[in-house]
Amino acid sequence: MSIRRALALVAIATVGCASLSSTDPVVSPKREVPRPADKPQIVIAVTIDQLGSWVLDRHLSRLDADGAIRTAIAQGTYHHRVAYPYASTYTAPGHAAIHTGAAPYQSEILSNERFDPERGEVAWVDDAAYPLLGDEKHSASPRVLAVPTVGDALKTATAGRALVLSVSLKDRAAVLSGGKHADLALFYDSSIPGFTTSKYYAKERPPCVTQSERAQPLDTLLAPWTAPKNVSGLDAQEGEGSWKGWTASFPHDPRESSAPYSVIKATPAMTDWMVELASTCADDMGLGKDDVPDLLALSISGTDYAGHVFGPESWEYVDNLVRADRAVGRLIRHFQRRARVSVLITSDHGVTPLPETSLAEGRPGGRLMPKELVASLNAAVSDRLGAGEWVTAFVAPFVTLAPAAEKRRSEVVEAVVEAARALPGVYGAFDVLDAAPLRQSRDPIERAVGLSIDARPPGDVYLVPSPGFVVDPDLAVGQGTSHGGPWATDREVPVLFFGAGVEKSVSHETQDALSTAATIAALLAVPAPSGVALPGVSAP
């Protein structure tokens with residue numbers, strides 16, 4: 001029996017949407033196991049960061065026929081809209097959801113960063129016990145992940161014989177996709193500069209990383225990035241950002257930036273380099289060389305960096321998407337020459353259009369500035385409860401109270417919630433202690449918020465931006481755009497899969513993104529990760 005689109009009969013609540021939205025019911029794809037003859041030797045799970053369904057609709061015609069996406073459409077299954085049911089549409093929760101099938105309150109991955117009273121903003125995967133190789137000041141591990149990934153399930157089902165490799169520019173994407181039993185998670189560190197891993201996975205940088213660096217030194221990427229040919233209109237639209245010495249217009253030369261090894265993360269050349277690295281390391285490790293299925297989790301981050309700074313309709317974003325799609329297509333063909341391959345392509349979240357674009361088209365739009373937000377909340381609470389520092393920080397999506405507020409928590413939270421809801425660009429604010437009843441709410445936004453808060457949240461109030469509004473991404477301050485809301489622009493993404501055991505089909509119904517992990521597991525012919533099964537979906 002082959003993998004098909006076959007829609008489950010169980011419908012679950014959809015999250016309310018603003019413009020560019022859908023109110024179709026959300027349903028869960030059911031899993032069907034490939035025939036033994038079709039069973040892949042390697043499954044490649046590709047996450048294209050910040051590829052919302054509406055964004056792919058805009059740019060699909062620009063993609064190459066032999067690129068990964070149009071190949072998937074021609075040969076396999078294409079779900080146009082798959083919706084994350086939670087509100088915290090960020091990179092870390094998204095990658096966790098793709099590979100575990102768990103909502104943030106289950107996976108305990110609530111955002112990208114959290115507020116630490118002593119250190120300020122801290123990466124969610126930060127783990128001082130496992131410093132990075134080549135950069136002892138930073139650390140990372142998957143120990144914070146509360147549920148197993150598909151990779152972990154694969155390791156269990158094969159008694160450890162299967163290989164799991166995860167590669168991304170971002171540590172959170174690589175670490176959370178691979179899970180606790182991945183053989184290796186590789187990510188980029190601009191401080192080194194280069195790809196590395198943490199001591200959780202290895203005692204020294206893997207030889208395949210050194211091999212890739214010798215084949216093409218990283219410094220070769222410090223070349224001008226020129227305008228692509230497959231675009232039209234104006235280069236720099238209103239709202240596009242300037243970043244670390246780069247203007248909003250082409251060309252972009254890393255050598256003219258104040259942080260050349262950082263800005264190259266937004267260039268298509270870096271994605272090409274990373275995909276070659278993934279290929280080299282997968283070959284070196286032996287992925288796909290026997291009949292025990294292996295998993296390669298590959299996350300493309302260049303689209304996200306370009307989208308944040310320049311917007312998802314910019315020339316920079318288009319060039320990243322087109323060239324990443326080509327690179328992944330080459331990677332797939334590389335493995336198809338020697339192994340049976342199945343491929344899944346999706347995204348960890350969508351993106352809100354540039355606020356200036358929304359305003360120009362008659363839709364609401366704007367930016368919430370964290371420092372200004374904290375100041376406004378402190379002023380409002382002081383007016384109500386007396387002068388003082390009541391709010392310490394806002395690290396999206398959580399507002400954190402100051403230590404002095406703890407003795408009066410209930411009234412301070414009430415004041416913060418009331419003040420936040422009165423601010424332009426804020427749709428709602430919620431006490432994190434109400435997470436459990438919020439998950440049972442009939443209001444789709446309240447339920448989405450409840451699904452985004454676990455038992456030990458890093459803040460006190462969960463804040464939801466209004467449709468069209470974004471929390472400033474802090475890359476191009478006051479410019480660019482972001483994501484992180486429960487609106488369709490941010491939560492609806494495509495899912496495509498093709499290869500061994502997959503039949504051709506298409507679906508326009510809005511489906512549940514938490515079923516993506518079950519689809520990856522089905523391609524691997526292993527049970528989905530334990531503890532996060534969805535209604536109507538049984539183990540293979």
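Note: the structure precedes this text.
The structure contained in this document is the topic of the report that follows. Fair warning: this is a prediction, and the values are worked out from it, not measured in the lab. (Residues numbered from 1 in each chain as written. Predicted model: local features only at pLDDT ≥ 70, side-chain atom pairs only at ≥ 80, totals over all residues. Heavy atoms only, no water.)

Considerations on the overall build of the protein
Here is the rule: The numbering of helices and of strands both runs from the N terminus, where a helix is a DSSP run of H or I of at least 4 residues and a strand a run of E of at least 2. Classification of residues uses two cut-offs on accessible area relative to the type maximum, computed with a 1.4 Å probe and protein chains only: under 20% is buried, over 50% is exposed, and between them is partly exposed. Residue contacts are counted whenever heavy atoms from the two residues lie within 4.5 Å of one another. Shrake-Rupley sampling with a 1.4 Å probe provides the accessible areas, and residues are treated as covered by the protein chains on show and by no other component. His residues and chain termini do not enter the charge count, which takes Lys and Arg as positive and Asp and Glu as negative. Charged side chains are reduced to one point each, which is NZ for Lys, CZ for Arg, CG for Asp and CD for Glu.
When helices and strands are tallied, the protein shows 18 helices and 22 strands. Along the first, second and third principal axes, the C-alpha atoms of the protein reach 70 × 55 × 50 Å. In the protein, buried positions account for 63% of the 540 residues. Pairs at least 24 residues apart make up 74% of the contacts formed inside the protein by residues separated by at least 6 positions. As displayed, the protein has an accessible area near 19,600 Å², and 50% of this comes from carbon and sulfur atoms. Distance between charge centroids for the protein: 6 Å, based on 49 positive and 63 negative side chains.

Considering the pattern of salt bridges
Here is the rule: Within this document, salt bridges are pairs made up of a side-chain nitrogen of Lys or Arg and a carboxyl oxygen of Asp or Glu, the two lying within 4 Å of each other.
Under the definition given, this model contains 26 salt bridges. In this structure, lysine 170 engages aspartate 49 in a salt bridge whose closest nitrogen and oxygen atoms are separated by 3.0 Å. Highlighted residues: lysine 170 in the loop between strand S9 (164-168) and helix H6 (171-178) and aspartate 49 in the loop between strand S3 (42-48) and helix H1 (53-59), separated in sequence by 121 residues. A salt bridge links glutamate 361 to arginine 363; its shortest N-O distance comes to 2.7 Å. The exposure class of arginine 363 is buried, given its relative accessible area of 17%.

Quick look at helix H3 (residues 91-100)
Burial analysis of H3 places ten of its ten residues in the buried class, the great majority of the element. All buried positions along H3 are accounted for by Thr91, Ala92, Pro93, Gly94, His95, Ala96, Ala97, Ile98, His99 and Thr100. Following H3 by one or two positions, glycine 101 has its phi on the positive side, about 80 degrees.

Notes on the packing of aromatic side chains
Threshold: Any two of the Phe, Tyr and Trp rings considered here, Trp counted by its six-membered ring, make a pair once their centres fall within 6.5 Å; the pair's planes then place it as stacked at under 30 degrees, edge-to-face at over 60, or tilted in between.
For the coordinates displayed, the defined rule picks out ten aromatic pairs. On the numbers, 5.2 Å between centres and 90 degrees between planes, the contact of tryptophan 225 with phenylalanine 250 is edge-to-face. Placement of tryptophan 225 in the loop between helix H7 (207-215) and helix H8 (260-263) and of phenylalanine 250 in the loop between H7 and H8 is noted, with a sequence separation of 25 residues between them. The residues tryptophan 225 and phenylalanine 250 share a single accessibility class, namely buried. Through a chain of ring-to-ring contacts, three or more aromatic side chains come together here, namely Trp225, Trp243, Trp246 and Phe250.

Considering the state of the cysteines
Rules: Disulfide: a pair of cysteine sulfur atoms within 2.5 Å of each other.
A complete count under the given rule lists one disulfide for this structure. The partner cysteine of cysteine 208 in its disulfide is cysteine 281, sulfur to sulfur 2.1 Å. Around the S-S axis, the bridge from cysteine 208 to cysteine 281 shows a dihedral of about 90 degrees and counts as right-handed. Taken together, the positions of cysteine 208 in helix H7 and cysteine 281 in helix H9 (residues 268-285) put the pair 73 residues apart, joining distant regions of the chain. Residue cysteine 208 shares its accessibility class with cysteine 281, and that shared class is buried.

Notes on the side chain of serine 507
This is how the line gets drawn: Whenever two N or O atoms come within 3.5 Å, that pair is a polar contact, provided that in protein one can donate a hydrogen and the other can accept it, and provided that, for residues adjacent in sequence, both atoms are side-chain atoms.
You can see serine 507 is positioned in strand S21 (residues 505-507). Judged by relative accessible area, which is 2%, serine 507 ranks as buried. One polar contact links the side chain of serine 507 to the main-chain amide nitrogen of glutamate 509, over a distance of 3.3 Å.

Quick look at the sheet that holds strand S17 (residues 426-431)
Which entries qualify depends on this criterion: Two strands make a pair as long as DSSP finds a minimum of two bridges between them. Here an angle of 0 to 180 degrees is reported between the N-to-C directions of two axes, which are lines fitted to C-alpha atoms, with helices fitted over the stretch in contact.
Spatially, four strands are ordered S15-S16-S18-S17 in an open sheet, and the strand pairing comes out antiparallel. Each having just a single partner strand, strand S15 (391-395) and S17 make up the two edges of the open sheet. For this sheet, the mean angle separating the axes of adjacent strands, direction not counted, is 25 degrees. Relative to strand S18 (residues 461-465), strand S16 (residues 398-401) runs antiparallel, the two sharing two bridges. Opposite phenylalanine 398, over in S18, you have tyrosine 462 as the bridge partner. Of the strands in this sheet, S15, S16 and S18 are in contact with helix H13 (residues 370-385), which crosses S15 at around 145 degrees. Of the strands in this sheet, S15, S16, S17 and S18 touch helix H14 (residues 409-421), which is tilted by about 170 degrees from S17.

Section: the pairing of S3
Across the seven residues that make up S3, a large majority, seven, are buried. Side chains of S3 alternate between two faces, with Ile42, Ile44, Val46 and Ile48 and Val43, Ala45 and Thr47 buried alike. Note that S3 and strand S12 (residues 294-300) share seven bridges and pair parallel. Counterpart to isoleucine 44 in the pairing with S12 is leucine 296. Judged from the six bridges that link them, S3 and strand S13 (residues 341-346) form a sheet pairing that is parallel.

Some details on the environment of leucine 165
As for its placement among the helices and strands, leucine 165 is situated in strand S9. Among the residues examined, leucine 165 registers a relative accessible area of 0% and is labelled buried. For the pair leucine 165 and leucine 295, spaced 130 residues apart in the sequence, the C-alpha separation amounts to 6.4 Å. Leucine 165 has contacts with Leu184, Ala278, Cys281, Ala282, Met285, Leu287, Leu295, Leu296 and Ala297, leaving out every residue within four places of it along the chain.

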